[in-house]
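Coordinate analysis (summary)
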Amino acid sequence: MLSQRLRLARKKAGFSMQQLADHLSPSVSVQAISKYEAGMMMPRSSVLMALGKALGVSLDFLMGGQVEALTRIEFRKHSRTSAKDRALVEAMVIEQLEDYLTIEDILEIAPPADPFGELRCDRVASFEEIDLQAQALRDYWHLGYAPILSMAGLLESKGIKVIEADFPEYCDGLVCRVKRTGGRPDTEAILVSGRTNIERKRFNLAHELAYHVIRGTGNRNIKIKKAMHRFTSAFLVPAESLREEVGGPCRGIPYCELIRLKRFYGISAAGMLMRLRDVGILSEGTVGYAFRTYARPWRTNEPEPIAEDEGLGAFEKPLRFERLVWRAIGDELIAPVRAAQLLKRPLNEVERSIRGGRWPEK
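Fair warning: this is a prediction, and the values are worked out from it, not measured in the lab.

The subject of this paragraph is the packing of aromatic side chains. Evaluated as defined, the whole model comprises 7 aromatic pairs. Here the aromatic rings of Y100 and F321 are separated by 5.5 Å at their centres, their planes lie at 45°, and the arrangement is tilted. Here Y100 is found in helix α6 (residues 83-106), whereas its partner F321 is found in helix α15 (residues 320-330), with 221 residues between them in sequence. Given a relative accessible area of 2%, Y100 falls into the buried group. Ring plane angle 50° and centroid distance 6.2 Å describe the contact between Y255 and W298, whose orientation is recorded as tilted. Residue Y255 is located in helix α12 (residues 255-265), and its partner W298 is located in the loop between α14 (284-292) and α15; the two are separated by 43 residues in the primary sequence. Taking the relative accessible area as the measure of exposure, W298 reaches 9% and is therefore buried. Across the ring face of F61, the terminal group of R5 is positioned such that the distance to the ring centre comes to 5.4 Å. Between the NZ or CZ atom of R138 and the centre of the ring of F235, over which it lies, the distance is 5.5 Å.

This brings us to the pattern of salt bridges. Two side chains with opposite charge may pair up if their charged atoms get near one another. Applying the stated criterion across every chain, the model contains 28 salt bridges. A salt bridge links E188 to R120; its shortest N-O distance comes to 3.2 Å. Of the two residues, E188 is situated in strand β4 (residues 187-193) and R120 in the loop between α6 and α7 (127-140); the sequence distance between them amounts to 68 residues. The same class applies to E188 and to R120, which are both buried. A salt bridge links E199 to K262; the nearest nitrogen and oxygen atoms lie 2.7 Å apart. With E199 in helix α9 (residues 198-213) and K262 in helix α12, this residue pair connects regions lying 63 residues apart in the sequence. Note on accessibility: E199 and K262 belong to one class, buried. Several salt bridges converge on common partners, so that one network encompasses D131, R230, R275, R277, D278 and E284.

Relative to each other, α7 and helix α10 (residues 224-236) sit at 45°, their axes nearing to 8 Å. Compared by their axis directions, α7 and α10 come out oblique. Between α7 and α10 lies a crossing of right-handed hand. Residues F127, E128, I130, D131, Q133, A134, L137 and R138 of α7 touch α10, and the partners they reach there are K226, A227, R230, F231, A234, F235 and L236.

Structurally, the position occupied by L209 is in helix α9. According to the relative accessible area criterion, L209 is buried, its value standing at 0%. Measuring from C-alpha to C-alpha, the distance between L209 and E188 comes to 10.0 Å, with 21 residues separating the pair along the chain.

For the rest of this paragraph, the subject is the nonpolar core. Of all hydrophobic cores here, the largest spans 52 residues; its most connected members are M151 and F235. The element contributing the most residues to this core is α10, with 6 residues. Once residues within four sequence positions are removed from consideration, F235 is found in contact with A134, L137, R138, W141, L143, I148, M151, L154 and L209. Counting 41 residues, the second-largest nonpolar core is a separate cluster that includes V67, L70, A87 and I94.

Of all 10 residues in helix α13 (residues 269-278), 7 are buried, a share of seventy percent or more. Contact partners of the buried residues in α13: α7, α10, α11 (239-246), α12 and α14. Among the residues trailing α13, G280 stands out with phi positive, at a value near 85°.

A few words on the pairing of strand β2 (residues 161-165). Look at any regular strand and the pattern is simple: side chains alternate between the two faces of the sheet. For β2, a buried count of 5 out of 5 residues is recorded, marking the element as mostly surrounded by other parts of the structure. With burial as the criterion, each face of β2 is covered, one bearing K161, I163 and A165 and the other bearing V162 and E164. Taken together, the 5 bridges between β2 and β4 define a ladder with parallel strand orientation. Directly across from I163, in β4, lies its bridge partner L191.

What counts and what doesn't
Residues numbered from 1 in each chain as written. Predicted model: local features only at pLDDT ≥ 70, side-chain atom pairs only at ≥ 80, totals over all residues. Heavy atoms only, no water. Phe/Tyr/Trp six-rings, centres within 6.5 Å; stacked < 30°, edge-to-face > 60°. Helix = DSSP H or I, 4+ residues; strand = E, 2+ residues; numbered from the N terminus. Buried < 20%, exposed > 50% of the residue type's maximum accessible area, 1.4 Å probe, protein only. Lys NZ or Arg CZ within 6 Å of the ring centre and 35° of its normal. Salt bridge = Lys/Arg side-chain N within 4 Å of Asp/Glu carboxyl O. Axes fitted to C-alpha atoms, helices over the stretch in contact; angles between N-to-C directions. Parallel < 35°, antiparallel > 145°, perpendicular 65-115°, else oblique. Left-handed = near helix turned anticlockwise from the far one by under 90°. Contact = heavy atoms within 4.5 Å. Core = buried A, V, L, I, M, F, W, Y, C linked by side-chain atoms within 4.5 Å. Pairing = 2+ DSSP bridges.

If you want it as structure tokens, here you go:
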């Protein structure tokens, strides 16, 4: 475990073995670091602490006993994402999952049931079938056709670990399966960048969800990326709901109505235009003209973005891990100092949150 984590942390930091050795105090040879990473030797405690400090990771990360490996990793990344960026994201994910799974163990929370049942598929015949697959998941989760208040909250309620973090600029998130140590049941995790706006964040969460359901298309005419986008749009904006909101096919749609719809469903204006085309409300030509003219900048600059404290934006935040920590505090299963470590907050801030305004400081 240490050997894998040390190698990953070194890649995250962008260090060669020699550079890492140069940053350590007490000093350690390159040969020793090589043996640590090969699992041939264990560092003494002082060296272990120095390694964590030099690499910017916690001892819980280096010696963690919850996560054996991340499997089926699918990155949402740009072409400029480097190997260092990917290592950084993977290390951030493992570190936070270690804390998440630790607090679940402390509270003796049983592993969740499979949230997808028999809905996973490896083959789809058409985009219409992808729409049906998205609605089937909505039906399985008893969502009906209503807009989703919080994608993060929905996924957490189904036992999927949702982590939001400040990922590198060129990485929006990833989806993975978490292989746990000691033969414990695997779990699902979705990670999303906190740097993105609300519309993109919701899209990314639903997009990562799509990878859990559609594992392949088995169809040379439907590329996996397009399948993921179609599932995402259909899950966020059900066709029946959209037709009820807008009515039948129309020649165009006013800007104010488009903004109302995007805020109602929590999807980007560009995504809403494409969804209106997909369900047959707007024609291919109308939407194509929009993207050649007034909607051209919308792919990079969101018009009238949803603020984090308004509408759906006020709810789009993963909260389960933090709530579990406060629950453990309330049940006196962990001390405030441990809560501060888990929440990555100053101890005095955590203590104020525990006391509120009821008791004076000791």
